[in-house]
Amino acid sequence: MSLNLNAHSHTLRTFVRRQGRITPAQRRALLAHRDFLIDDDHGGLLRARKIFGRQAPLWVEIGFGNGVTLAALAANKPDHDFLGIEVHKPGVGRLLLAMEKQQLRNIRIAEADAMEFVERRIAETSVSRILILFPDPWPKQRQRKRRLLQPTFARTLAHKLVPGGVLHLATDWPEYAGQMLAVLEDIPTLRNCSGRGQYARAPDYRIPTRFELRGLRLGHPVRDLLFERI
Ligand SMILES: C[S@@+](CC[C@H](N)C(=O)[O-])C[C@H]1O[C@@H](n2cnc3c(N)ncnc32)[C@H](O)[C@@H]1O
């Protein structure tokens, strides 16, 4: 009997569906701004040029939480396009409200499991930058297999970057930072921008997020990693 490893890994989620309440304003935004949501029913490769109506560098943020980083990036880089992937519906609603308030038109949102969405919907060598900021640390030994940054997904991410494109991770869990470093340095098509074994200085565009602030309050050291696709 053969074992279907893909089916198994699909059930191993990197998130727990939190029941967070959707506010009436978020509910309205989710209905009013459906044009900014990527419909995941049809399943083919995304054509960014068609979706955004122009050719521009594409940045992707996975697990954007409440979307503060994406909204700030989109406002500060109007000549770039942004795709956010998040499973938490209230977070999607919050980002849509920020987009409405700031009149941001260069963001699209996929409410989807990034492990599956990135593999299936994002074309190879199409993304200039991928951000994964403060992914769930799954600190207990027996939970670590649920972490987002595993070798297979890291290789998938590397394939999606254009040459010269950058994968940017940050975490406040030193042991997870070490795992990220080891996994990424093992991928031949990625180069550590800070030199082997080194962490990076946080790029200017990275603003404090809810989860970073929580980590700092707990006294956790924050580490950034920047890897370039070669
Ligand atoms: C610890 S929070 C960090 C949120 C935000 N980046 C921040 O720094 O505040 C991790 C986020 O990743 C999302 N997430 C986890 N696994 C995911 C997946 N496979 N696909 C999409 N989002 C995911 C969670 O819903 C959560 O919002």
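Residues numbered from 1 in each chain as written. Predicted model: local features only at pLDDT ≥ 70, side-chain atom pairs only at ≥ 80, totals over all residues.

Caption draft 1: Summary view of the pairing of strand β2 (residues 81–86). Of all the six residues making up β2, six are buried; the element is thus mostly covered by neighbouring parts of the structure. Burial along β2 is two-sided: the residues D81, L83 and I85 and F82, G84 and E86 are all buried. As defined by bridge partners, strand β1 (residues 58–62) adjoins β2 across five bridges and the pair is classed as parallel. Bridge pairing in β2 links E61 to G84. Chirality of the crossover, the property in question, places the unit of β1, helix α4 (residues 68–76) and β2 among those that are right-handed. With five bridges joining them, β2 and strand β3 (residues 107–111) adopt parallel strand pairing. Residue pairing in the sheet places I85 in a bridge with A110 of β3. Note on the crossover from β2 through helix α5 (residues 89–102) to β3: the handedness is right-handed. (Buried ≥ 20, exposed ≤ 12 C-beta atoms within 10 Å, placed from the backbone. Helix = DSSP H or I, 4+ residues; strand = E, 2+ residues; numbered from the N terminus. Pairing = 2+ DSSP bridges. Right-handed = clockwise from strand over helix to strand, strands pointing away.)

Caption draft 2: Expanded view of the site of the ligand. Around the ligand, 23 residues are found, and the nearest of them are F15, G63, G65, A114 and T209. Top contributing element to the shell around the ligand by residue count: helix α9 (residues 210–217), with three residues. Its residues assigned to classes, the shell around the ligand shows twelve nonpolar, six polar and five charged. There are two domains that each give the shell around the ligand at least three residues, and those are domain 1 (20–33 + 49–122) and domain 2 (125–230). (Near = placed C-beta within 6 Å. Nonpolar A, V, L, I, M, F, W, Y, C, P; charged D, E, K, R; others polar. Domains from an automatic or database assignment.)

Caption draft 3: Inspection of the sheet that holds strand β6 (residues 190–192) at higher detail. Spatially, seven strands are ordered β3-β2-β1-β4-β5-β7-β6 in an open sheet, and the strand pairing comes out mixed. Where the open sheet ends on each side, the last strands, each with one partner, are β3 and β6. Pairs of neighbouring strands in the sheet enclose a mean axial angle of 20°, with direction left out of account. Pairing geometry for strand β5 (residues 161–171) and strand β7 (residues 223–229), over six bridges, is antiparallel. For A170, the partnering residue across the bridge sits in β7 and is D224. Seen against the sheet, α5 touches β2 and β3 and runs at an angle of roughly 165° to β3. (Axes fitted to C-alpha atoms, helices over the stretch in contact; angles between N-to-C directions. Contact = placed C-beta atoms within 7 Å.)

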